[in-house]
Amino acid sequence: MGTKTTAWEIGKHFAGKTFVDALGYRQQEVVIDENGWAEFYCNAGSVSVWVLKVG
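What comes next concerns the included structure. None of these values were measured; they are calculated from a predicted model.

### With respect to the nonpolar core
Thinking step 1. Among the nonpolar cores identified, the biggest contains six residues, and these are F19, V30, I32, A38, F40 and W50.
Thinking step 2. Filtering out sequence-adjacent residues up to four positions away, F40 remains in contact with K4, T5, T6, W8, F19, V30, I32 and W50.

This is the structure in structure tokens:
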């Protein structure tokens, strides 16, 4: 298996914000760039639910 990635635009108002996988399958954090885009990861054959990191 491997890792799949997809680029999402979620909006400039999230620039600099950090997202984490709520299901815990992915340990890395994703930071939204200044244009509101980021690469999100998912293990092949799995799902990940990316949510705004709190705290």
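Back to the text.
### A closer look at the side chain of D21
Thinking step 1. Residue placement: D21 occurs in strand β2 (residues 18–21).
Thinking step 2. In this structure, D21 is buried with no salt-bridge partner, the nearest side chain bearing the opposite charge being R26 at 6.2 Å.

### What to know about a nonpolar patch on the surface
Thinking step 1. On the surface, L23, Y25, V47, V49 and V51 cluster together into a nonpolar patch covering about 420 Å² of accessible area.
Thinking step 2. Mapped onto the elements of the fold, V49 is located in the loop between β4 (37–43) and β5 (50–52).
Thinking step 3. Residue V49 is classed as partly exposed on the basis of its relative accessible area of 40%.

### Here we look at the pattern of salt bridges
Thinking step 1. Per the stated rule, a full pass over the model turns up one salt bridge.
Thinking step 2. Between E29 and K53 there is a salt bridge; the shortest N-O distance is 2.5 Å. Linking E29 in the loop between β2 and β3 (30–31) with K53 in the segment after β5, this pair joins segments that are 24 residues apart in sequence.
Thinking step 3. A relative accessible area of 43% places E29 in the partly exposed class.

### What about the pairing of β4?
Thinking step 1. Along β4, the buried face is formed by A38, F40 and C42; none of W37, E39, Y41 and N43, which line the opposite face, is buried.
Thinking step 2. Sheet topology note: the strand β1 (residues 3–9)/β4 ladder contains seven bridges and is antiparallel. Bridge pairing in β4 places T5 opposite Y41.

Rules behind the numbers
- Residues numbered from 1 in each chain as written.
- Predicted model: local features only at pLDDT ≥ 70, side-chain atom pairs only at ≥ 80, totals over all residues.
- Heavy atoms only, no water.
- Core = buried A, V, L, I, M, F, W, Y, C linked by side-chain atoms within 4.5 Å.
- Buried < 20%, exposed > 50% of the residue type's maximum accessible area, 1.4 Å probe, protein only.
- Contact = heavy atoms within 4.5 Å.
- Helix = DSSP H or I, 4+ residues; strand = E, 2+ residues; numbered from the N terminus.
- Lys, Arg positive; Asp, Glu negative; His and termini not counted.
- Salt bridge = Lys/Arg side-chain N within 4 Å of Asp/Glu carboxyl O.
- Patch = residues over 30% accessible without salt bridge, like charges linked within 9 Å, V, L, I, M, F, W, Y side chains within 5 Å.
- Areas by Shrake-Rupley, 256 points an atom, 1.4 Å probe, with all protein chains shown as cover.
- Pairing = 2+ DSSP bridges.

All we've got here are geometric facts, nothing functional implied.
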